[in-house]
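# Residue-level structural notes
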Amino acid sequence: MLVFFSARRLKPGAWDQFRRAWEGDGDRPPGFQRAYHARNIRDEDEVISFGIFDTTKDEYHQWRGENEAQENQRVDALSAFVENEHASGVYEVIEELTE
């Protein structure tokens, strides 16, 4: 299982434009389960986004190779609404905790 994560500060009032650009027009990576956007309760322009994917690193790398140009366009479009990005990456789940 992989988690795609980013922590960003959006330009003031840019949430709606960022969200539309984040969605993009292409296919989601394989194994998409769900995605979350969470806003800092003290600062609505600070947003974390993360998606959960039931896929392998190899499947992700294959998808990325096949969709590189389209994914770069999506990231370029959403970046227009980002002031800065604190953290971003694709992470492999190494432990799952439940109730």
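Use the structure listed above.
Notes on the structure in this doc start here. What you see is a predicted model; the values in this text were computed from it and never measured. (Residues numbered from 1 in each chain as written. Predicted model: local features only at pLDDT ≥ 70, side-chain atom pairs only at ≥ 80, totals over all residues. Heavy atoms only, no water.)

Turning our eyes to something else, we now look at the side chain of Thr-55. Residue position: Thr-55 is located in the loop between strand 3 (43-53) and helix 2 (57-66). One polar contact links Thr-55 to Glu-59, side chain to side chain, over a distance of 2.7 Å. The contact partners of Thr-55, leaving out residues within four places of it in the chain, are Met-1, Leu-2, Pro-30, Gly-31 and Tyr-60. (Helix = DSSP H or I, 4+ residues; strand = E, 2+ residues; numbered from the N terminus. Polar contact = N/O pair within 3.5 Å; in protein donor to acceptor, adjacent residues only side chain to side chain. Contact = heavy atoms within 4.5 Å.)

With that out of the way, let us pick up the environment of Ala-87. In this fold, Ala-87 is placed in strand 4 (residues 82-92). Since its relative accessible area comes to 28%, Ala-87 is described here as partly exposed. Along the sequence, Ala-87 and Asp-16 sit 71 residues apart, while their C-alpha atoms lie 21 Å from each other. With residues up to four places along the chain from it excluded, the contact list for Ala-87 reads Phe-5, Ser-6 and Ala-7. (Buried < 20%, exposed > 50% of the residue type's maximum accessible area, 1.4 Å probe, protein only.)

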